[in-house]
Amino acid sequence: MKTYAKISGIAYVIIFITGFYANFAILSSLIEIDNPSKTLTNFSSNLNLYRNGLFGFLLMLIFDIVLIATLLKLTEVVSRKWSYVASGFRMLHAIFFGIALLRLYEVYKLTNEDHISEELPYIVMNLLSNFDDLWTIGLLFFGVHLLILGYLTIKASYIPKFIGILLILAALGYFVDGIAKLSFESYYNYQPYFEAGVILTGVIGELLFAIWLLFAGFSRYKLRLIDSSVKLD
């Protein structure tokens, strides 16, 4: 169990670093929502930087899949059934993100070409919008994963219950932001507020969970598993 906690903690840290780097430091800095031509110019002029961002997103996806396996092993002692359900929703998120990532790769190929048509800026913006929509849908599945993971964490005797509560709050943050982005026409006018809510709830909950996983994995702290007779299956 300590090995699974150690791997999970390391994977979470890598996901945090690669995710923030690729999404906020690179992708967001290149996109001008109201200016497709400027966006295309930004991508064309910073292809090496953009390629680094793609690599960061790919690492994020790989370690997200690693977490599917290790978190399953950490929580199935509480409820095998609900652990598999939680893992299934995280896998759905990974699948949607993987498909979305192909849209970013298409952008890379298009902006790497010598010939630039008049329609290309709008094609690129459409691909970027498609990437955002697919990832948003994936994050709604991820929110369900966090909701169930939070519940399992609360029920686990070996994980502090407040972490489970924070994970549930993080799930609510993803739900609010995702539903608003997909259905609220004026979302981008209020985007900083919605994103702040996700960062505040998501980062705090998942970061504290990652810290606990690292502590449980690398310290001499012993994971005291609950008795199998109180499983929730």
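Everything below is about the structure shown above.
A.B. asks: I'd like a rundown of the overall build of the protein chain, residues and numbers included.
C.D. replies: In terms of regular secondary structure, the protein chain is built from seven helices and zero strands. Counting from the amino terminus, helix and strand elements in the protein chain follow one another as α-α-α-α-α-α-α. Its C-alpha radius of gyration of 19 Å places the protein chain within 12% of the 17 Å reference for a compact globule of 233 residues. Based on the C-alpha atoms only, the size of the protein chain along its principal axes is roughly 65 × 35 × 25 Å.

A.B. asks: An account of the packing of aromatic side chains is requested, with residue identities and associated values reported.
C.D. replies: The geometry of an aromatic ring pair comes down to the distance between the two centres and the angle between the two planes. As enumerated under the stated definition, the model contains 19 aromatic pairs in all. Taking 4.7 Å as the distance between ring centres and 85° as the angle between the ring planes, the aromatic pair formed by F43 and Y50 counts as edge-to-face. Look at Y50 and you get buried, because its relative accessible area is 2%. Ring centres of Y50 and Y108 lie 6.2 Å apart, and the angle between their planes is 40°; on these two criteria the pair is classed as tilted. With Y50 in helix α3 (residues 47–75) and Y108 in helix α4 (residues 80–111), the pair connects residues that are 58 residues apart, well separated along the chain. Grouping aromatic residues by their ring pairs yields a cluster made of Y12, F16, F209 and W212. Positioned over the ring face of F218 is K6, at 5.0 Å from the centre of the ring.

A.B. asks: Go over the nonpolar core, please, and point to the residues and values.
C.D. replies: Counting residues in hydrophobic clusters, the biggest one holds 60 residues, and the most contacted among them are Y12, Y50, F57, L104, L146 and F209. Secondary structure elements with two or more residues in this core: α1 (2–30), α2 (36–45), α3, α4, α5 (120–155), α6 (161–183) and α7 (191–218). Top element by residues in this core is α5. It accounts for 13 residues. Discounting residues that sit within four places of it in the chain, F57 has contacts with A22, N23, L27, F97, L101, L104, F131 and W135.

A.B. asks: An account of the packing of α5 against α6 is needed here, citing residue identities and associated values.
C.D. replies: Packed helix pairs are characterised by how far apart their axes lie and by the angle those axes make with each other. Between α5 and α6, the shortest axis-to-axis distance is 8 Å and the interhelical angle comes to 160°. Here α6 runs roughly antiparallel to α5, going by the angle between their axes. The handedness of the crossing between α5 and α6 comes out as left-handed. Its residues assigned to classes, the contact of α5 with α6 comprises 20 nonpolar, six polar and four charged.

A.B. asks: Which residues make up a nonpolar patch on the surface, and what are the values?
C.D. replies: A grouping of F162, L200, I204, L207, L208 and I211 is seen on the molecular surface, where their side chains present a nonpolar patch of about 520 Å² in accessible area. Sorting elements by how many residues they give to the nonpolar patch places α7 first, with five residues. Locating L208 in the fold gives a position in helix α7.

A.B. asks: Residues and numbers for the packing of α4 against α5, please.
C.D. replies: Close contact between α4 and α5 brings their axes to 8 Å; oriented N to C, the two are set at 165°. Viewed along their axes, α4 and α5 adopt a mutual orientation that is roughly antiparallel. Crossing hand, α4 versus α5: left-handed. Split into classes, the residues belonging to the contact of α4 with α5 amount to 28 nonpolar, seven polar and three charged.

A.B. asks: Report on the pattern of salt bridges, specifying residues and quantitative values.
C.D. replies: This structure, assessed with the given rule, holds five salt bridges. Its salt-bridge partner being R90, residue D64 comes within 2.6 Å of it at the nearest N-O pair. Of this pair, D64 sits in helix α3 while R90 is found in helix α4, placing the two residues 26 residues apart along the sequence. With respect to burial, D64 and R90 carry one shared label: buried. Between E76 and K73 there is a salt bridge; the shortest N-O distance is 3.9 Å.

Definitions and cut-offs
Residues numbered from 1 in each chain as written. Predicted model: local features only at pLDDT ≥ 70, side-chain atom pairs only at ≥ 80, totals over all residues. Heavy atoms only, no water. Helix = DSSP H or I, 4+ residues; strand = E, 2+ residues; numbered from the N terminus. Rg over C-alpha atoms; globule rule 2.2 N^0.38 Å. Phe/Tyr/Trp six-rings, centres within 6.5 Å; stacked < 30°, edge-to-face > 60°. Buried < 20%, exposed > 50% of the residue type's maximum accessible area, 1.4 Å probe, protein only. Lys NZ or Arg CZ within 6 Å of the ring centre and 35° of its normal. Core = buried A, V, L, I, M, F, W, Y, C linked by side-chain atoms within 4.5 Å. Contact = heavy atoms within 4.5 Å. Axes fitted to C-alpha atoms, helices over the stretch in contact; angles between N-to-C directions. Parallel < 35°, antiparallel > 145°, perpendicular 65-115°, else oblique. Left-handed = near helix turned anticlockwise from the far one by under 90°. Nonpolar A, V, L, I, M, F, W, Y, C, P; charged D, E, K, R; others polar. Patch = residues over 30% accessible without salt bridge, like charges linked within 9 Å, V, L, I, M, F, W, Y side chains within 5 Å. Areas by Shrake-Rupley, 256 points an atom, 1.4 Å probe, with all protein chains shown as cover. Salt bridge = Lys/Arg side-chain N within 4 Å of Asp/Glu carboxyl O.

No statement about biological role is implied by the geometric values presented.
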